[in-house]
Amino acid sequence: MHWASRHANVPMSNEPKPIIPESKKPVKRLTPKKAATALAFETAKMKKNFTDAGKWRNAFVKVLRSMSNDCSCADQLQSIPLSRNTMSRRISKISCAFKSELIAKIREATSISIAMDETTDNTHKSQLMVYVRGIMPNKETFEDFLDLKSMPTTTKATDIYDQVMEALRDFGALDKLECVTMDGAPSMSGVKNGCGALIKRTNPDVKTLKCVIHSQVLSSRKIGLKSSMDAATKVINCIRGGHNALTHRRFKEFLKNHGAPQKDLLLFTNVRWLSKGQALGRFFDLRKFIIDFAETVEVFFFHFFLNFFYTLKKN
């Protein structure tokens with residue numbers, strides 16, 4: 001009624017309105033050099049060999065050519081330079097770009113703190129790791145890996161101090177340093193001649209702190225849990241040690257059949273932080289299943305740790 005009374009002279013059309021297609025954004029295509037840089041970045045993140053990227057490329061080229069008669073995509077993928085030297089150069093450029101970005105953040109930050117730790121790798125070389133945390137003018141914080149320094153000979157406090165100062169100078173972070181966190185080793189936290197003391201001589205306003213995790217590890221050695229940890233470690237080694245493959249396979253199948261919350265026990269090493277606590281926590285979660293498995297299979301370690309198992313069963 002409204003249309004007939006008010007808009008009688010307006011012609012009506014039953015033809016559908018044409019649908020205007022939406023304009024598609026142009027797809028950004030990577031050049032072979034940029035594609036090589038992207039693959040180099042992924043290779044570095046996965047910690048693979050430089051030659052692996054070329055193997056991946058060749059495999060995908062074969063897949064693309066087998067899936068379609070149009071070999072243009074396969075030819076473009078084949079044109080990406082992925083030799084070992086090329087990958088090395090790309091990863092070096094990516095590293096320089098990350099370093100420049102971190103230097104820019106440190107220059108903009110109002111104050112920074114560092115955490116450092118010295119450890120020995122599997123080739124018996126001493127490596128000093130330095131991490132940085134900073135506060136930006138807008139009160140936002142950032143945390144990143146600052147540098148890794150190799151110390152080929154001694155690891156005295158003066159050696160650590162020289163490497164830390166060199167890293168701070170390279171990144172322009174020496175003037176904004178507010179706090180240093182380190183472990184409890186004498187070369188690190190010595191009151192008179194430790195690395196922290198040497199840093200305070202250079203900048204008296206810098207605060208030095210001891211790492212909480214190191215303090216927890218040291219305190220755990222004094223609270224009387226060594227006997228329990230030793231017994232749990234021996235049980236774990238008896239189940240999944242190097243020469244107990246059959247027992248280990250039976251144990252994993254036992255956990256699977258009985259609906260255990262975890263699939264296996266964990267091994268630990270003193271080099272990695274918190275691994276002992278994770279292994280002991282997993283052992284405690286599976287304590288009842290370990291007892292049932294020992295009674296069912298009658299493995300030899302059950303008789304040696306009979307009192308320890310009964311203590312677990314009560315808890």
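Residues numbered from 1 in each chain as written. Predicted model: local features only at pLDDT ≥ 70, side-chain atom pairs only at ≥ 80, totals over all residues. Heavy atoms only, no water.

Trainee: What am I meant to see in the overall build of the chain here?
Mentor: When you go through the chain residue by residue, the secondary structure sums to 15 helices and five strands. Of all 315 residues assigned to the chain, the portion counted as buried reaches 32%. Of the contacts formed within the chain by residues at least 6 apart in sequence, a portion of 56% connects residues at least 24 apart. If you sum the accessible surface of the chain, you get close to 22,300 Å²; carbon and sulfur atoms cover 55% of it. (Helix = DSSP H or I, 4+ residues; strand = E, 2+ residues; numbered from the N terminus. Buried < 20%, exposed > 50% of the residue type's maximum accessible area, 1.4 Å probe, protein only. Contact = heavy atoms within 4.5 Å. Areas by Shrake-Rupley, 256 points an atom, 1.4 Å probe, with all protein chains shown as cover.)

Trainee: Explain the side chain of Gln163 to me, please; I cannot follow it from the model alone.
Mentor: Tracing the sequence through the fold places Gln163 in helix α6 (residues 157-170). If near-sequence neighbours (up to four positions away) are discounted, Gln163 is found in contact with Leu128, Lys149, Ser150 and Met151.

Trainee: Can you help me understand the nonpolar core in this one?
Mentor: A general tendency of soluble globular proteins is for nonpolar side chains to be buried together. Counting residues in each nonpolar core, the largest one holds 30 residues, and the members touching the most others are Met116, Val164 and Ile199. The contacts of Ile199, once residues within four sequence positions are left out, are Met116, Tyr161, Val164, Met165, Leu177, Val180 and Val206. Core analysis: the next-biggest nonpolar cluster, separate from the first, contains 14 residues, Val235, Ile239, Leu286 and Ile290 among them. (Core = buried A, V, L, I, M, F, W, Y, C linked by side-chain atoms within 4.5 Å.)

Trainee: Please clarify how a nonpolar patch on the surface should be interpreted in this entry.
Mentor: Taken together, Tyr131, Phe145 and Leu148 make up a surface patch of nonpolar side chains, about 270 Å² in accessible area. Its place among the elements puts Phe145 in strand β3 (residues 141-151). (Patch = residues over 30% accessible without salt bridge, like charges linked within 9 Å, V, L, I, M, F, W, Y side chains within 5 Å. Salt bridge = Lys/Arg side-chain N within 4 Å of Asp/Glu carboxyl O.)

Trainee: Explanation requested: the packing of helix α12 (residues 275-285) against helix α13 (residues 287-297) in the structure shown.
Mentor: The relative placement of two packed helices is expressed as an angle between their axes plus a distance between the axes. The N-to-C vectors of α12 and α13 enclose an angle of 65°; their axes lie 4 Å apart at closest approach. Where α12 abuts α13, its residues Phe283, Phe284 and Asp285 lie against Arg287, Phe289 and Ile290. Grouping the constituent residues of the contact of α12 with α13 by class yields four nonpolar, no polar and two charged. (Axes fitted to C-alpha atoms, helices over the stretch in contact; angles between N-to-C directions. Nonpolar A, V, L, I, M, F, W, Y, C, P; charged D, E, K, R; others polar.)

Trainee: Teacher, can you tell me more about unusual backbone geometry here?
Mentor: Excluding glycine, residues mostly have negative phi values, and the peptide bonds linking residues are mostly trans. Residues other than glycine seldom take positive phi values, yet Lys47 does so here, at roughly 60°. Relative to the helices and strands, Lys47 is located in the loop between α2 (32-45) and α3 (52-67). Notably, Lys139 is not glycine yet its phi reads approximately 70°, a positive angle. Locating Lys139 in the fold gives a position in the loop between β2 (126-135) and β3.

Trainee: Could you clarify how one ought to interpret the packing of aromatic side chains in this entry?
Mentor: Two numbers describe a pair of aromatic rings. These are the distance of the centres and the angle of the planes. Per the stated rule, a full pass over the model turns up four aromatic pairs. Their ring planes at 70° and their centres at 5.9 Å tell us that Phe41 and Phe98 sit as a pair that is edge-to-face. Of this pair, Phe41 sits in helix α2 while Phe98 sits in helix α5 (residues 84-108), and the two are 57 residues apart along the sequence. With relative accessibility at 45%, the residue Phe98 sits in the partly exposed group. Site record: aromatic cluster; members linked through ring pairs are Phe251, Phe254 and Phe293. Here the guanidinium or amino end of Lys99 rests over the ring plane of Phe171, the centre of that ring lying 5.3 Å away. Sitting above the plane of the Phe284 ring, Arg287 keeps its charged end 3.9 Å from the centroid. (Phe/Tyr/Trp six-rings, centres within 6.5 Å; stacked < 30°, edge-to-face > 60°. Lys NZ or Arg CZ within 6 Å of the ring centre and 35° of its normal.)

Trainee: Would you take a moment to explain the packing of α2 against α5 for this structure?
Mentor: Here α2 crosses α5 at 80°, and the two axes come no closer than 9 Å. As the angle between them shows, α2 and α5 are arranged roughly perpendicular. Residues Lys33, Ala36, Thr37, Leu39, Ala40, Phe41, Thr43 and Ala44 of α2 form the contact with α5, whose participating residues are Met87, Arg90, Ile91, Ile94 and Phe98. Here the contact of α2 with α5 is built from residues that sort into nine nonpolar, two polar and two charged. (Parallel < 35°, antiparallel > 145°, perpendicular 65-115°, else oblique.)

Trainee: What is the right way to read the sheet that holds β3 from this model?
Mentor: One key point about sheets: their strands pair by backbone hydrogen bonds, in either a parallel or an antiparallel sense. Overall, mixed pairing links the five strands, which are arranged β3-β2-β1-β4-β5 in an open sheet. What marks the edges here is a single partner per strand, and that holds for β3 and β5 (207-210). The sheet shows a mean angle of 20° between the axes of neighbouring strands, direction not considered. The strands that α5 touches are β2 and β3; relative to β3, the one it contacts most, it runs at about 120°. Along the sheet, helix α8 (residues 195-202) contacts β1 (111-120), β4 (177-182) and β5; its crossing angle with β4, the most-contacted strand, is approximately 170°. (Pairing = 2+ DSSP bridges.)

Trainee: What exactly am I supposed to notice about the pattern of salt bridges here?
Mentor: Any two side chains of opposite charge can pair, given that their charged atoms come close. Taken as a whole and assessed by the stated rule, the structure comprises seven salt bridges. The salt bridge involving Lys149 is made with Asp170; its shortest N-O contact spans 3.9 Å. A residue pair is termed long-range when its members are at least 10 positions apart, and Lys149 in strand β3 and Asp170 in helix α6 qualify at 21 residues. Given a relative accessible area of 38%, Asp170 falls into the partly exposed group. What emerges from the salt-bridge pattern is a single network uniting Asp147, Lys149, Glu166 and Asp170.

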